[in-house]
Number of protein chains: 2
Amino acid sequence: MNDKYLKRLTYELGKEKLDAFLICPGEEFKFLTGFDPMFCERFQGLFVKKSGEAFYICNLLYEEELKNALPGSIKIYSWFDGERMTDVVNKALSSEKLIGGRIGVNSTAQGFNLLEIAANMKVSFVNGKPLLEKIRMIKDEDELDYLRYSAGIADKVFEKVLDIIKPGVSEREIQEFLMESMVSLGGDTPECIVGCGANSSYPHYSDNKGIVKDRDIVLLDYGCTYRGLYSDMSRTVFVGEPDAKLRECYELVLRANEEAEAMVTEGAYVPDIDKKARKILDEKGYAHTLINRLGHGIGYTVHEAPDIKQSNKIKLVKGMAFSIEPGIYIGGEFGIRIEDIMIVNEGGRGERLNKAPKELVVL
Amino acid sequence: MNDKYLKRLTYELGKEKLDAFLICPGEEFKFLTGFDPMFCERFQGLFVKKSGEAFYICNLLYEEELKNALPGSIKIYSWFDGERMTDVVNKALSSEKLIGGRIGVNSTAQGFNLLEIAANMKVSFVNGKPLLEKIRMIKDEDELDYLRYSAGIADKVFEKVLDIIKPGVSEREIQEFLMESMVSLGGDTPECIVGCGANSSYPHYSDNKGIVKDRDIVLLDYGCTYRGLYSDMSRTVFVGEPDAKLRECYELVLRANEEAEAMVTEGAYVPDIDKKARKILDEKGYAHTLINRLGHGIGYTVHEAPDIKQSNKIKLVKGMAFSIEPGIYIGGEFGIRIEDIMIVNEGGRGERLNKAPKELVVL
């Protein structure tokens, strides 16, 4: 168990007047317990009480595995497929004196299971995702080093992937190459988006049915974990010479990326960074096409606090890590995104973790 | 859009006194719309009203993609990262006259987002997973054919995988072989569990760090989709001669599997099938080790209705599809499972879809 973070969580429970916190399997669970059980439709999760004690509820199917993975001090309440899950949860929450309590829940807690539980006993669940993100927002020196290493994997893969991008190659082939390359360099849980032509205009495109054509645009967005810490980088490249409009858009996005990144330092006001990037895009009237936040925090999950956006009115603090990813997206035509991970490092300075070149590439 | 199933859903909404149904991305969404968008932490989903009309709420990031994927009649309400998601949801539910309403939710609706929405407007969500499973429980002839094809892929892979199982091979290598083989035979979304030695005793083992040893037991559980319909098959094989106890357990599990399967026919009472298998395992006192249901329904998701278990007091109907998977699990020692997919076919007879041999295999 990650005692440092469990202590922080317990401290926050007191502050937020929560009686307990439910953490279901997934990245947030793995990060706290070091274990990543299969998570099917059967309700399971770790309950951390404000006293710091914890217990677990799962189907009998998982009990042995959890018993081995969790410290012996954590009591496990299990239910059998033949029983009603809510009967066992009711018994567990009664024994643990949580009936009538307020329980924060993490991001993987399944809606239908929470609804089923709340319909069968007096307990109120509240969105605890922001609280979990808060305790992870400031990275320590080891964590910053793992982020650096993870970003380094993405950088190395970029050099290699350029060799395979050419007319006739499919988005899926590029995707598989990226995934396999990250794994071969020691990265875990690789993820990526590959969009060519008009598909690049959908920031979270995932269909992967496209084929690279002659004179095409290819957007690559990918990352992986190293010791649990994520990388996430985007580059946009051209197959054949881009026309004047594409070239102009690329240069705008690149400037927005570089000038926003240059503002990153301890004490910088987050909305100012977002504003800077949008102002540059608006020199040619493109700010309205940047339909998402300028950046997202990153760490043990790929999207976490702090968001880099207007409504996040905070100042940067040492140990924060986040993306800067301006883009221009013309729906159905093209999309250009350039994304790096930035940290506010131990010295309080902005440090760009991705070193992969950003100049316009024509293949 | 899958009009047949949308009509069934609308009909059930009326019966269940629900004002609408929320379906978030995932298999249940893909099956209804033919589309599978990326689903991050940003709230999104299709709302189907009891009138049959539908609308969609998503982040601006996904609007273009959804607009192209969904019929033009479906209005899309989108929110921008800089705004509060709940403000836009509130506006949408107000326009659609759903404030104060009861809304069923599918299995992928994220707890934290539902809690955030319910904390900001008057709306009540209810667990709609059983309702969605109900409308999918009876498969038509095409769907049964796709299940047959999908099971055939699993069968073919079984013959091939036996060639690579030997001392020194890792669980991960076997897993990769299974996944790649299913894909190369036309299967999509391959999934598998590989557990050797004591790891086989955890029915949903997922650590994959084990290595096959000399005189070992290897449990394989895998499947994929064909045209969206899943296969799911388990076989347990031995590397080197098993001892008398393992051989006895294997023969018991095999008999439980075969005799339970022989009971499958139109009109059979589900609890009787479960009871039969457990009675056979109990000839040697092993029924208590079968810590899960005897079987689960299968279709557009790998686990759906009907469960084959004591508490599911229904009779089998033509068009149902489910697994029969008795097992003996001695925690920390070994696990043996033999699983086939069975259907009640067009003629009302039980039909075993998996033809892979079940006799004890010694490699």
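In this text the structure is predicted, and so the values were computed from the model without any measurement.

## Remarks on the overall build of chain A
So, point 1. Scanning chain A for helices and strands turns up 10 helices and 17 strands.
So, point 2. Its C-alpha radius of gyration of 23 Å places chain A within 12% of the 21 Å reference for a compact globule of 363 residues.
So, point 3. Seen along its three principal axes, the alpha-carbon backbone of chain A occupies a region of about 70 × 45 × 35 Å.
So, point 4. Looking at chain A as a whole, 61% of its 363 residues qualify as buried.
So, point 5. Once local pairs closer than 6 in sequence are excluded, the contacts in chain A between residues at least 24 apart make up 64%.
So, point 6. Accessible surface for chain A amounts to roughly 13,900 Å². Of this, 51% is attributable to carbon and sulfur atoms.
So, point 7. Charged side chains in chain A number 48 positive and 58 negative. The centres of these two groups are separated by 6 Å.

## With respect to the nonpolar core
So, point 1. Membership of the largest hydrophobic core comes to 40 residues, with the highest contact counts inside it found for L9(A), F21(A), Y56(A), L66(A) and L147(A).
So, point 2. Among the domains, domain 1 (3-136) and domain 2 (141-352) of chain A are the pair contributing at least three residues each to this core.
So, point 3. Beyond its immediate sequence surroundings of up to four residues, F21(A) is in contact with L9(A), L13(A), L46(A), F47(A), V48(A), I103(A), G104(A), V105(A), N106(A), G128(A), L131(A) and L132(A).
So, point 4. Residues I291(A), L13(B), F29(B) and L353(B) belong to the second largest nonpolar core, which totals 39 residues.

## Considerations on the side chain of E41(B)
So, point 1. With respect to the helices, strands and loops of the structure, E41(B) is situated in the loop between helix 2 (27-33) and strand 2 (45-49).
So, point 2. Judged by relative accessible area, E41(B) falls into the buried class, the value being 17%.
So, point 3. In terms of polar contacts, E41(B) uses its side chain to reach the side chain of R293(A), at 2.9 Å.
So, point 4. The contacts of E41(B), once residues within four sequence positions are left out, are K129(A), R293(A), H303(A), Q110(B), F112(B) and N113(B).

## Description of the environment of P306(A)
Residues and elements named next belong to chain A.
So, point 1. When you line up the elements, P306 lands in strand 12 (residues 304-308).
So, point 2. With a relative accessible area of 1%, P306 lands in the buried category.
So, point 3. Measuring from C-alpha to C-alpha, the distance between P306 and V212 comes to 35 Å, with 94 residues separating the pair along the chain.
So, point 4. Among residues more than four places away in sequence, those in contact with P306 are M137, H296, G297, N312, I314, M320, A321 and F322.

## Section: unusual backbone geometry
So, point 1. Looking along the chain, the bond that leaves A305(A) and enters P306(A) is cis, with omega of 0°.
So, point 2. A positive phi is found at R215(B), a non-glycine position, where the angle reads about 55°.
So, point 3. Checked against the element boundaries, R215(B) lands in the loop between strand 7 (188-196) and strand 8 (216-226).
So, point 4. Residue class for R215(B) comes out exposed when judged on its relative accessible area of 54%.
So, point 5. In the Ramachandran plot, R227(B) falls in the positive-phi region, its phi being about 50° despite a non-glycine side chain.
So, point 6. Note on placement: R227(B) falls in the loop between strand 8 and strand 9 (229-230).

## Things to note about the interface of chain A and chain B
So, point 1. Contacts between the two partners involve 46 residues from chain A and, on the opposite side, 46 residues from chain B.
So, point 2. When the area that chain A buries against chain B is broken down by residue, the three leading residues are L61(A), F112(A) and H204(A), summing to 16%.
So, point 3. Here D81(B) ties to R293(A) by a salt bridge, and the two come within 3.9 Å at their closest N and O atoms.
So, point 4. Along the contact surface separating chain A from chain B lie 16 residue pairs in polar contact (both at pLDDT 80 or more).
So, point 5. Of all the secondary-structure elements, those providing two or more residues to the side of chain A that touches chain B are helix 3 (60-69), helix 5 (111-118) and strand 6 (124-127) of chain A.
So, point 6. Among the elements that line the side of chain A that touches chain B, the one with the most residues is helix 3 of chain A, at 6 residues.
So, point 7. Class assignment of the residues belonging to the side of chain A that touches chain B gives a composition of 20 nonpolar, 15 polar and 11 charged.

## A look at the pattern of salt bridges
So, point 1. Overall, the coordinates contain 62 salt bridges over all chains when judged by the stated rule.
So, point 2. In this structure, E304(A) and K139(A) form a salt bridge, with 3.0 Å as the shortest nitrogen-oxygen distance. Placement of E304(A) in strand 12 and of K139(A) in the loop between helix 6 (129-136) and helix 7 (141-161) is noted, with a sequence separation of 165 residues between them. Taken as a pair, E304(A) and K139(A) share a single burial class, namely buried.
So, point 3. We note a salt bridge from E346(B) to R148(B), for which the minimum N-O separation is 3.1 Å. Residue E346(B) is located in the loop between strand 16 (340-344) and strand 17 (350-352), and its partner R148(B) is located in helix 7 (residues 141-161); the two are separated by 198 residues in the primary sequence.
So, point 4. Look at E346(B) and you get partly exposed, because its relative accessible area is 31%.

## Considering the domain arrangement of chain A
All names here are of chain A.
So, point 1. Along its sequence, chain A is carved into domain 1 (3-136) and domain 2 (141-352).
So, point 2. Each of domain 1 and domain 2 was reduced to a C-alpha centroid, and the two centroids are 34 Å apart.
So, point 3. At the junction of the two partners, domain 1 supplies 7 residues and domain 2 supplies 8 residues.
So, point 4. Counting each side, the surface lost to burial between domain 1 and domain 2 is near 650 Å², with a carbon and sulfur contribution of 46%.

## Notes on the pairing of strand 14 (residues 327-330) of chain A
Residues and elements named next belong to chain A.
So, point 1. Residues G327 and Y329 point to one face of strand 14 and I328 and I330 to the other, with burial holding for every one of them.
So, point 2. As paired elements, strand 14 and strand 15 (residues 334-337) share 4 bridges and run antiparallel to each other. Opposite Y329, over in strand 15, you have G335 as the bridge partner.
So, point 3. Between strand 14 and strand 15, which pair antiparallel and follow one another directly, the connecting turn spans 3 residues, one of which, G332, has a positive phi of 80°.

## A few points about the relation of the copies chain A and chain B
So, point 1. For the pair chain A and chain B, the relating rotation is 180°, the translation along its axis is 0.0 Å, and the fit reaches an RMSD of 0.0 Å. On the angle and the small slide along the axis, the relation comes out as a two-fold axis. Of the C-alpha atoms belonging to chain A, the one lying closest to the rotation axis is found on G111(A), 1.8 Å away.
So, point 2. A high fraction, 100%, of the interface residues of chain A reappear at the interface in chain B, so the copies pair face to face through one surface.

## Let's talk about the side chain of N208(A)
All names here are of chain A.
So, point 1. With respect to the helices and strands, N208 occurs in the loop between strand 7 (188-196) and strand 8 (216-226).
So, point 2. Judged by relative accessible area, which is 9%, N208 ranks as buried.
So, point 3. Engagement of the side chain of N208 in a polar contact is seen with the side chain of Q175, the distance being 3.3 Å.
So, point 4. Every residue in contact with N208, bar those within four places of it in the chain, is listed here: E171, R172, Q175 and V194.

## Points about the sheet that holds strand 1 (residues 20-23) of chain A
Residue and element names in this part refer to chain A.
So, point 1. Reading across the sheet, the 6 strands line up as 4-3-2-1-5-6 and stay open at both edges, with mixed pairing between neighbours. The open sheet terminates on both sides in strands that have one partner only, identified here as strand 4 (75-79) and strand 6. Geometrically, the sheet is characterised by an average inter-axis angle of 25° between neighbouring strands, direction not taken into account.
So, point 2. By the bridge criterion, 3 bridges tie strand 1 to strand 5 (residues 102-105) in an arrangement that is parallel. Bridge assignment links L22 to a residue of strand 5, and that residue is V105.

## Concerning the packing of aromatic side chains
Residue and element names in this part refer to chain A.
So, point 1. What the rule picks out here adds up to 20 aromatic pairs over all chains.
So, point 2. On the numbers, 4.9 Å between centres and 5° between planes, the contact of F47 with F55 is stacked.
So, point 3. Site record: aromatic cluster; members linked through ring pairs are F43, F47, F55 and Y77.
So, point 4. The ring of F31 is capped by R136, whose NZ or CZ atom sits 5.7 Å from the centre of that ring.

What counts, and where the lines are drawn
- Numbering of residues begins from 1 in every chain and follows the order in which that chain's sequence is written.
- As a convention, the first chain written is A and the first ligand written is 1, with the rest following in written order.
- Confidence filtering applies because this is a predicted model: local features only for residues at pLDDT of at least 70, side-chain atom pairs given and counted only at 80 or more, and all residues used for totals across whole chains, interfaces and linings.
- Just so you know, side-chain values use all the structure's heavy atoms and leave hydrogens and water out.
- Put simply, DSSP marks the helices as runs of H or I at least four residues long and the strands as runs of E at least two long, and each gets a number from the N terminus on.
- Here the globule rule reads 2.2 Å times residues to the power 0.38, and the radius of gyration is calculated from C-alpha atoms.
- Think of it in three bands: with a 1.4 Å probe and only protein chains considered, a residue is buried below 20% of the maximum accessible area for its type, exposed above 50%, and partly exposed in between.
- Two residues form a contact once any of their heavy atoms are found within 4.5 Å.
- Here the Shrake-Rupley method, with its probe set to 1.4 Å, supplies the accessible areas, and only the displayed protein chains count as covering residues.
- Charge assignment: positive for Lys and Arg, negative for Asp and Glu; neither His nor the chain ends contribute.
- Charge positions come from single atoms, namely NZ of Lys, CZ of Arg, CG of Asp or CD of Glu.
- By nonpolar core we mean a set of buried residues, namely Ala, Val, Leu, Ile, Met, Phe, Trp, Tyr and Cys, connected to one another through side-chain atoms within 4.5 Å.
- What counts as a domain boundary in this text is fixed by an automatic or database domain assignment.
- Nitrogen and oxygen atoms within 3.5 Å of one another constitute a polar contact, given that in protein one can donate a hydrogen and the other can accept it, and given that sequence-neighbouring residues count only through two side-chain atoms.
- Note: buried area is the sum, over both parts, of the accessible area (probe 1.4 Å) each one loses when the two are combined.
- Salt bridges are defined by distance alone: a side-chain nitrogen of Lys or Arg within 4 Å of a carboxyl oxygen of Asp or Glu.
- Under the scheme applied, nonpolar residues are Ala, Val, Leu, Ile, Met, Phe, Trp, Tyr, Cys and Pro; charged residues are Asp, Glu, Lys and Arg; polar residues are all the others, including Gly.
- Any two strands are treated as partners once DSSP identifies two or more bridges connecting them.
- To superpose the copies, least squares is applied to the C-alpha atoms of every residue with a pLDDT of at least 70 in both.
- Structural elements are reduced to axes, namely lines fitted to C-alpha atoms, with helices fitted over the stretch in contact, and the angle between N-to-C directions of any two is expressed from 0 to 180 degrees.
- Aromatic contacts are taken between Phe, Tyr and Trp rings whose centres are within 6.5 Å, Trp giving its six-membered ring; a plane angle under 30 degrees counts as stacked, one over 60 as edge-to-face, and the others as tilted.
- Ring-over charges, as used throughout, are those where CZ of Arg or NZ of Lys falls within 6 Å of the ring centre and within 35 degrees of the ring normal.

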